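The chain contents come next:
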Amino acid sequence: MLDIKTFREREVDVRKALEIRGATADIGGILDLDRRRRALLVEVETLKGARNCVSKEISVLRKNGHDSSLQEVEMQATGDRVRLLDEQLATIEDGIEKLMLDVPNMPHSAVPVGHGEDGDRIVRVIGERVKFNFEPLSHMDLSERLGIIDFPRGTRMAGPGFPLFVGQGARLERALVQFMLDLHTREHGYTEMSPPFLCNEAALTGTGQLPGLADEMYRTVDGLYLVPTAEVPLTNYYRNEIIPRQLPVCFAAYTPCFRREAGAAGAETRGLLRVHQFDKVELVKFVEPSTSYTELEKLTADAEDVLKRLGLHYRVIELCASNLSLAAAKCYDIEVWSPARNGWLEVSSCSNYEAFQARRAGIRYRRADGKPEFVHTLNGSGVALARLVVALLEHYQTADGSVTVPEVIVGYMDGKKTLNPEH
């Protein structure tokens, strides 16, 4: 969330940020409650000071053998008033926090102002579109021919959006996860983590998924949520702590991800394009505020490296303000080319949240002068597998319906260089 001082001192900027995001929030309500809170604090502190003076007066009177009953009645009344005001303060502070949780982060000044995909800016395009001398198949046709993904049985087990990888398909998923984890830990300097696949409400509130995205997540009967992304447990590793090590701290983790959403009306949902469960390797960084935008470029480059080594055609776009998530101040999406769809598929979002998540989750570090300050958090997919599998199958397909295995993961496939139909 934003600092309450930002609302007081930069109200115009906050309202402008909401406008360019196309968002709404009760800024007036926050400021009104804040004024009431500060007025009550002044009254409480004044009463506490008066109570201390009366307490000292009572002590002197008793010491000298004088009656202090009037002063005691006065002190009791003051104490009752202080308790009442403290209860009012707690109610007001709870109201402020609830309203502030709905206020999105302020976009970085360099973020494009616009709406929808037309407002996004293409930063770079890497590689060339693969050319075929035959009619290419879709990932659904290829997976059916190869026998590597069983969509009907996955649907029978759990419903639409829960793909079932079989044989070579399951091995391909595992190979890609291992390849990405090895790349990020051995060459990019991330520490591998294996976090829980469920998180509590406090953790999801800290990263910004709650309260706004509650309907898009799977909630268990005991109040836990299946993780929508490993960003949640990784970021909450230092929740309510002062980070006890030198920055930056970089984590990488594999988890399955669970999401109820199936995209906007009319969006393509067949096959692996939009699913409720998918595998993903996630990257999270805790960095000093002065370096966070340099670290965002590094994080994005780390995610891109996966696609470069797999030999895929992709592009990086900078999201305009209206397309940013609640917590992001700046975000790059990485999209890989799908030959069969003749279009782009998002496989990663790399975001700088500045201190937004850290303030919600109470994550701080010690500056060089020893004073604690909220850290800046970043995260990015490194990368999401469902759509990556789509791009790999379609990009590396051959005329006979087999699929060539990219050289960098052949070793993770026990030397298997081609996916052939299994019978």
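Analysis parameters
- Residues numbered from 1 in each chain as written.
- Predicted model: local features only at pLDDT ≥ 70, side-chain atom pairs only at ≥ 80, totals over all residues.
- Heavy atoms only, no water.
- 1 Å grid on protein atoms, 1.4 Å probe; cavity = no way out; pocket = protein on both sides within 12 Å on 5 of 7 lines; lining within 4 Å.
- Points joined across faces, edges and corners; volume = space filled by probe spheres on them.
- Helix = DSSP H or I, 4+ residues; strand = E, 2+ residues; numbered from the N terminus.
- Nonpolar A, V, L, I, M, F, W, Y, C, P; charged D, E, K, R; others polar.
- Salt bridge = Lys/Arg side-chain N within 4 Å of Asp/Glu carboxyl O.
- Buried < 20%, exposed > 50% of the residue type's maximum accessible area, 1.4 Å probe, protein only.
- Contact = heavy atoms within 4.5 Å.
- Polar contact = N/O pair within 3.5 Å; in protein donor to acceptor, adjacent residues only side chain to side chain.

(A) Inspection of empty space enclosed by the protein at higher detail. Under the counting rule described, the total for this entry stands at one cavity of 30 Å³ or more. Roughly 40 Å³ of volume is contained in the largest cavity. Contributing elements (two or more residues each) for the lining of the largest cavity: helix 12 (385-395) and strand 14 (403-404). For the lining of the largest cavity, a count of residues per class yields seven nonpolar, one polar and no charged.

(B) Structural context of the pattern of salt bridges. In this structure the tally under the stated criterion is 23 salt bridges. One salt bridge connects D80 with R83, and the closest N-O pair in it is separated by 2.3 Å. In this pair, D80 and R83 both sit in helix 4 (residues 69-100), three residues apart, roughly one turn of the helix. Using a relative accessible area of 39% as the deciding quantity, one classes D80 as partly exposed.

(C) Structural detail: the environment of R121. Tracing the backbone through its elements, the reader meets R121 in strand 1 (residues 121-126). When its relative accessible area of 42% is taken as the criterion, R121 is described as partly exposed. Linking R121 and L273, residues 152 residues apart in sequence, is a C-alpha distance of 23 Å. Ignoring anything within four residues of it in the chain, the contact list for R121 reads P112, V316, I317 and E318. One polar contact links R121 to E318, side chain to side chain, over a distance of 2.5 Å.

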